Amino acid sequence: MRIFRLIYIIFTVLRFSLDELILSHTKLKPLQSIVSGLLFWRNKQRSRGERLRLALETLGPIFVKFGQMLSTRRDLIPLDIADELAKLQDQVPPFTFAEVEQVITSAFNQPLTALFSQFDETPIASASVAQVHFAHLPDGQPVAVKVLRPDIDKTIAQDLRLMDTMAWLIQVLSAEFKKLKPREIVTEFARHTQSELDLTLEAANCSLLGRNFADKSMLIVPEVHWDWCRKEVMVMQRMHGTSISQRDILLAKGVDIAKLARDGVDIFFTQVFRDGFFHADMHPGNIQVADDGKYIALDFGIMGSLSDTDKYYLARNFLAFFNRDYRDVAQAHIDSGWVPADTKREELETAVRAICEPIFNKPLKDISFARTLLSLFQLARRFGVIIQPQLIMLQKTLLNIEGLGRELDPDLDLWKSAQPFLTRWMSEQVGWRAVVKTLKNEIPFIAKNLPEMPRLLHEFLSQKTQVEINAPICDSINQLIKTQQQQTYWQKRLAITITLLAFVEILVLINTFFIS
């Protein structure tokens, strides 16, 4: 079976002249001439990006999903190909209701009629991994039921093995494509795809995002019905809204489009910088708008996360860039470890300035925030950066957000909306608010260990350490120990006194903070 699938893939590659991408290598030029002569009938008028997109659509849903992911790797692939792959649509024919019923019955060991009082046989959405049906629970609650495609895990595993084999061949045959790390790209795609094959993980993502936006002031997240969730089935609250792509309908309903665009920016930056957990698949099919103008989030299979360190350096880069402080942009890249530590800051600063400075000759509303970020990522690649997966997900999401925002409101100034948020967030990380937050987090530890600190410090200063460290790199430590042993009685007592005074001062500050 796998050999027939491989033959079909090879036939598709030849049909759309994708062999030229591989055979263009100098050593393979003669072979390219032979193949082109034998297949002279092929249409080569289309661009290479368009031919690749059509080939992936022909190969099926898993390859379409791979192309969608590949379109986000603008730090690796040419922009003309990335732009074309971004047009891929995950439109897949639905599987039959009989198969839906079989999957649900097998997952719960109960008949469908025992689980739902009513179940629509026609799906409302169908994608490569799952499809969604409307239904009602036994108590009458309207719900949306997401069901995995039958044997989709086997199909994906088979196609992933073929993709990895093809990536290996490309890597061996073409030094040009080897630089793009094709096998690493397939591995990354496999990691994201596998997470979509367990709907309990998606349900958990939905639940967490819902808790983060529990006030529902800007974003509404459906509630999960956990008793009806399994690996193959996810049941959630049924939502009622209009697709964000239907701008005319939204206007007819009286939705403030300009506010909707600004709210989208606020929601994105809140997810990224407040929560470090964001929806990473925000295309129009996954976003609806309620009649009152609030966003409705759908499909939580692909989520991104950022550590506190990632958030700090990302915000620092953004703010430094728009303050035209290219030195700090370069230093932030070095400090974050996104470029090698031996990178010359002056060279990186000059390169960043060359890309960014012309942007400031235009009004801010004409600046593509996401394109600028992509340019910085590509620049970082020149200096040996290893792009982190979480930043790639952020890059993809930022492109979606900017595209949606500008489609809703062409005059949207993404930076004008983002700057106050980032400025406030940075002050909370490094200003007096950060000190207060840290103190509040450390109070339990301080309260528990404070009574023992004077005794432990006295024992440390009084002990006659005889440790001998022979390693050359520890000579400085030995010297410190010898210096410590030579301290006088009064020096030790003075150190203890200063330490105690410091702890008393901390307690006074804590007490003052809580009283106020």
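Residues numbered from 1 in each chain as written. Predicted model: local features only at pLDDT ≥ 70, side-chain atom pairs only at ≥ 80, totals over all residues. Heavy atoms only, no water.

## Considerations on the packing of aromatic side chains
Scanning the entire structure with this criterion turns up five aromatic pairs. Here the aromatic rings of Phe-268 and Phe-269 are separated by 5.1 Å at their centres, their planes lie at 75 degrees, and the arrangement is edge-to-face. Here Phe-268 and Phe-269 have matching classes, each one buried. Here Phe-269 and Phe-273 contribute two aromatic rings whose centre-to-centre distance is 5.9 Å and whose plane-to-plane angle is 5 degrees, an arrangement assigned as stacked. Highlighted residues: Phe-269 and Phe-273, both in helix H14 (residues 257–275), separated by four residues, approximately one helical turn. Grouping residues by exposure puts Phe-269 and Phe-273 together as buried. Members of the aromatic cluster, each reached through a chain of ring pairs, are Phe-97, Phe-116 and Phe-119. The aromatic ring of Phe-134 is capped on one face by Arg-238, whose charged end is 3.7 Å from the ring centroid. A cation over an aromatic ring shows up here: Arg-274 above the ring of Phe-213, its NZ or CZ 5.2 Å from the ring centre. (Phe/Tyr/Trp six-rings, centres within 6.5 Å; stacked < 30°, edge-to-face > 60°. Buried < 20%, exposed > 50% of the residue type's maximum accessible area, 1.4 Å probe, protein only. Helix = DSSP H or I, 4+ residues; strand = E, 2+ residues; numbered from the N terminus. Lys NZ or Arg CZ within 6 Å of the ring centre and 35° of its normal.)

## Here we look at the pattern of salt bridges
Overall, the coordinates contain 16 salt bridges when judged by the stated rule. Notably, a salt bridge pairs Glu-84 with Arg-53, separated by 2.7 Å at the nearest N-O pair. Of the two residues, Glu-84 sits in helix H6 (residues 79–85) while Arg-53 sits in helix H4 (residues 48–59), which places them 31 residues apart along the sequence. No difference in accessibility class separates Glu-84 from Arg-53, as the two residues are buried. Residue Asp-299 is joined to Lys-146 by a salt bridge in which the shortest nitrogen-to-oxygen separation is 3.3 Å. Of this pair, Asp-299 sits in the loop between strand E10 (295–297) and strand E11 (303–305) while Lys-146 is found in strand E4 (residues 142–148), placing the two residues 153 residues apart along the sequence. Residue classification places Lys-146 among the buried positions, given a relative accessible area of 11%. Several salt bridges converge on common partners, so that one network encompasses Arg-53, Glu-57 and Glu-84. (Salt bridge = Lys/Arg side-chain N within 4 Å of Asp/Glu carboxyl O.)

## Observations regarding the environment of Leu-398
Within the element layout of this structure, Leu-398 appears in helix H19 (residues 389–408). Separated by 133 residues in sequence, Leu-398 and Val-265 have C-alpha atoms that sit 9.2 Å apart.

## A few points about the confidence of the model for the chain
Of the residues in the chain, 70% have a pLDDT of 70 or more, and the chain-wide mean is 77. Counting contacts from residues 464–473, a segment whose pLDDT is below 50, to residues more than four positions away or on other chains yields 10 contacts. Counting contacts from residues 494–516, a segment whose pLDDT is below 50, to residues more than four positions away or on other chains yields 15 contacts. (pLDDT = per-residue confidence, 0-100. Contact = heavy atoms within 4.5 Å.)

## Here we look at the pairing of E4
When you tally the buried positions in E4, you get six out of seven residues, the bulk of the element. Pairing analysis gives seven bridges linking strand E3 (residues 130–136) to E4, with the strands arranged antiparallel. Bridging from a neighbouring strand, Gln-131 pairs with Val-147 of E4. Counting the residues between successive antiparallel strands, the hairpin from E3 to E4 contains five residues, one of them, Gly-140, with a positive phi of roughly 95 degrees. The pairing of E4 with strand E6 (residues 233–237) spans five bridges and is antiparallel. Within E6, the position partnered with Val-143 by the bridge is Gln-237. (Pairing = 2+ DSSP bridges.)

## A short note on the packing of helix H16 (residues 326–336) against helix H17 (residues 345–356)
As a packed pair, H16 and H17 sit with axes 8 Å apart at the nearest point and diverge in direction by 125 degrees. Classed by the angle they form, the pair H16 and H17 counts as oblique. Between H16 and H17 the crossing geometry is right-handed. Here H16 contributes Tyr-326, Arg-327, Val-329, Ala-330, Gln-331, His-333 and Ile-334 to the contact with H17, which in turn contributes Arg-345, Leu-348, Glu-349, Val-352, Arg-353 and Cys-356. Here the residues of the contact of H16 with H17 sort into seven nonpolar, two polar and four charged. (Axes fitted to C-alpha atoms, helices over the stretch in contact; angles between N-to-C directions. Parallel < 35°, antiparallel > 145°, perpendicular 65-115°, else oblique. Left-handed = near helix turned anticlockwise from the far one by under 90°. Nonpolar A, V, L, I, M, F, W, Y, C, P; charged D, E, K, R; others polar.)

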